[in-house]
Amino acid sequence: MAGSKSLTFVQMNDTHAYFEQHPELFWAGDHAEYRLCGGYARIATLLQEIRAERPGEVVAVDCGDTIHGTYAAVKTEGEALLPILRLLDFTAWTGHWEFAYGPERLKEVVGKLPYPFLASNCFDKETGELVFTPYIVREVNGMRVGLIGLAAYIVDKMMPASFSRGIRMTLARDQLPDHIRHLHQEEKVDLVAVISHFGFPQECKLAQEVDGIDVLFSAHTHNRTWAPAVVNDTIIMQSGSQGSFLGRLSLEIEGKRVRDFSHRLLVVDDAIRPDPAVDALVQEALAPYRDYLAEVVGETRTALNRDRVLESTMDNFLLQALLHAHDAELAFSHGWRYGAPIPAGPLTVNDLHNIIPVNPYLFAGEIGGDELWEMLEQNLEHVFSRDPYQQMGGYIKRCLGLTCYFKVENPPGRRIQELFVRGEKVRPDRLYSTVFVTTQGVPEKYGQNRQNLKVKAVEALRHYLRKESPVTAPLRGTFTPV
């Protein structure tokens, strides 16, 4: 196009520290299929190929959930990934589970990478100052490109308190217009891009409310956008999860406006050769843990995955192990999205840590029937709120022992139609025994007689497999929209 300049973005998001290839779920008509995908060595090859094809025109962004999610990453608080990330050489990143090791540790990690962590919505509670760089400007193919970062809004609202020690997070919709104005008027940029970890619904609403965002790179909700959305002239894309995909966006820019674009969601599969240098770093990072993680501890006859909103086989397996560890009427965990699928077959220690990398202690307690109803109504609102900003992360809470019939379309607090525990209608005045993991499973404001069982989740899974392997973990219809 005469007078225009080209620019190529590459997006990675929600890799959850999957160093190597792993099974990935693909829908094939009426069933799921599993293919090996991902791995940083193959991601590196794709980045190299795109950079070689478009020299001097590529901006690579990482939208976060990068340094947490697998055993080696958690064991080293992200350190094991840093040599790999240095070679991948992104332009900038932001995040969510990056805060899992605490804000101070995140600052240390950021200081060890050659590219910045952008978070225009993360503030020091005491001083009110920004904790991280809010935006940067980069010269690319004769243009000035402004990048603004938005870390996960829910870090100080829905995550454990340690994630947000000393910081607060905002939606940034009030600050964004000022940043965009500054980038155009003072920095003289040709294009404004936002790298975000809010979630696709939230980012679509944000783009509708805030003018002047040319491109918005989305994360958190694990969407595979085979074609971008365009909202208020903002191109919005998200690129799957677990490193199974990269997103490529090619722009033609003229007169500080996007005149044309093309997009591809790239599958990181066996068709891509692994980069030897990055593969060597991956092997080095995982070497200390190979023997421990490779141990086969059982077998599953059910494919385990988390690719459903209402219920998942992976979490039913986890909840079955919780009830095996502690006799209770109900078991709860959070509706996590992370955790690569595990096809039916042998289960290794590595699989167990991938299911629940935080490896928290099990807790027991009691919850009143009225509290149970209220807790589930709140959870349904956090998942299905009509206001995207009130969608607070994750799928429906994972439960075993109850059956809930609900109306998705109803207003907050009015969705549940019928609720049963062990086949009997819930009684508001009755206490129900529970076993659960994390304050996301059962928030601290609910229930009583909470006690630490001194057993961690992975240990509970191993004990369960010793007794019950091979296991099945079918979908049970725990939550049914009516």
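J.: Any details on the side chain of N121? Residues and values, ideally.
T.: Tracing the sequence through the fold places N121 in the loop between α4 (103-111) and β6 (122-124). Classification of N121 as buried rests on a relative accessible area of 0%. A distance of 2.9 Å separates a polar atom in the side chain of N121 from the backbone oxygen of A151. At 3.0 Å, the side chain of N121 forms a polar contact with the backbone oxygen of T170.

J.: Describe the layout of surface pockets, and please don't skip the residues or the numbers.
T.: Computed from the structure, the largest pocket encloses a volume of approximately 450 Å³. Together, 22 residues line the largest pocket, and Y18, E20, Q21, N350 and N354 are the ones closest to its centre. Every element with two or more residues in the lining of the largest pocket is listed here: β2 (22-28), α2 (71-75), α8 (290-294) and α10 (349-355). When the residues that make up the lining of the largest pocket are grouped by side-chain class, the tally is 13 nonpolar, six polar and three charged. Size it by volume and the second largest pocket reaches roughly 310 Å³. Considering the residues around the second largest pocket, the lining is formed by 16 residues, among which M158, Q378, T439, Q440 and P443 are closest to the centre. Here the lining of the second largest pocket takes four residues from helix α11 (residues 369-384), the largest share from any one element. Considered class by class, the residues forming the lining of the second largest pocket number five nonpolar, seven polar and four charged.

J.: Give me the lowdown on unusual backbone geometry, citing residues and values where you can.
T.: Of the consecutive residues S469 and P470, the connecting peptide bond is found in the cis state with omega at 0°. Note on placement: P470 falls in the loop between α13 (457-468) and β26 (479-481). Backbone geometry at D14 places phi at a positive 55°, although glycine is not the residue there. One can find D14 in the loop between β1 (5-12) and β2. Here N449, not a glycine, exhibits a phi torsion of approximately 55°, which is positive. Its location among the elements puts N449 in strand β25 (residues 448-456).

J.: Give a detailed account of the pattern of salt bridges, specifying residues and quantitative values.
T.: Any two side chains of opposite charge can pair, so long as their charged atoms come close to each other. If you walk through the whole model with that rule in mind, you get 25 salt bridges. Taking the shortest distance from any N to any O, the salt bridge between R105 and E108 comes out at 3.0 Å. Of the two residues, R105 and E108 are both situated in helix α4; the distance of three residues between them amounts to about one turn of the helix.

J.: Outline the pairing of strand β17 (residues 330-333), supporting the account with residue identities and numerical values.
T.: Going residue by residue along β17, you find L330 and F332 tucked away on one face and A331 and S333 tucked away on the opposite face as well. When β17 meets strand β24 (residues 431-437), the two strands line up parallel, connected through three bridges. The residue of β24 that forms the bridge with A331 is V435. Note: β17 against strand β20 (residues 398-400), three bridges, orientation antiparallel. Bridge assignment links S333 to a residue of β20, and that residue is R398.

J.: Before we move on, can you summarise the packing of helix α9 (residues 313-325) against α13 with the specific residues and values?
T.: Here α9 crosses α13 at 85°, and the two axes come no closer than 8 Å. Classified by the angle between their axes, α9 and α13 sit roughly perpendicular to one another. Touching F317, L318, Q320, A321, H324 and A325 of α9 are A460, L461, H463, Y464, L465, K467 and E468, all from α13. Counted by class, the contact of α9 with α13 contains eight nonpolar, three polar and two charged residues.

Reading guide: rules and limits
Residues numbered from 1 in each chain as written. Predicted model: local features only at pLDDT ≥ 70, side-chain atom pairs only at ≥ 80, totals over all residues. Heavy atoms only, no water. Helix = DSSP H or I, 4+ residues; strand = E, 2+ residues; numbered from the N terminus. Buried < 20%, exposed > 50% of the residue type's maximum accessible area, 1.4 Å probe, protein only. Polar contact = N/O pair within 3.5 Å; in protein donor to acceptor, adjacent residues only side chain to side chain. 1 Å grid on protein atoms, 1.4 Å probe; cavity = no way out; pocket = protein on both sides within 12 Å on 5 of 7 lines; lining within 4 Å. Points joined across faces, edges and corners; volume = space filled by probe spheres on them. Nonpolar A, V, L, I, M, F, W, Y, C, P; charged D, E, K, R; others polar. Salt bridge = Lys/Arg side-chain N within 4 Å of Asp/Glu carboxyl O. Pairing = 2+ DSSP bridges. Axes fitted to C-alpha atoms, helices over the stretch in contact; angles between N-to-C directions. Parallel < 35°, antiparallel > 145°, perpendicular 65-115°, else oblique. Contact = heavy atoms within 4.5 Å.

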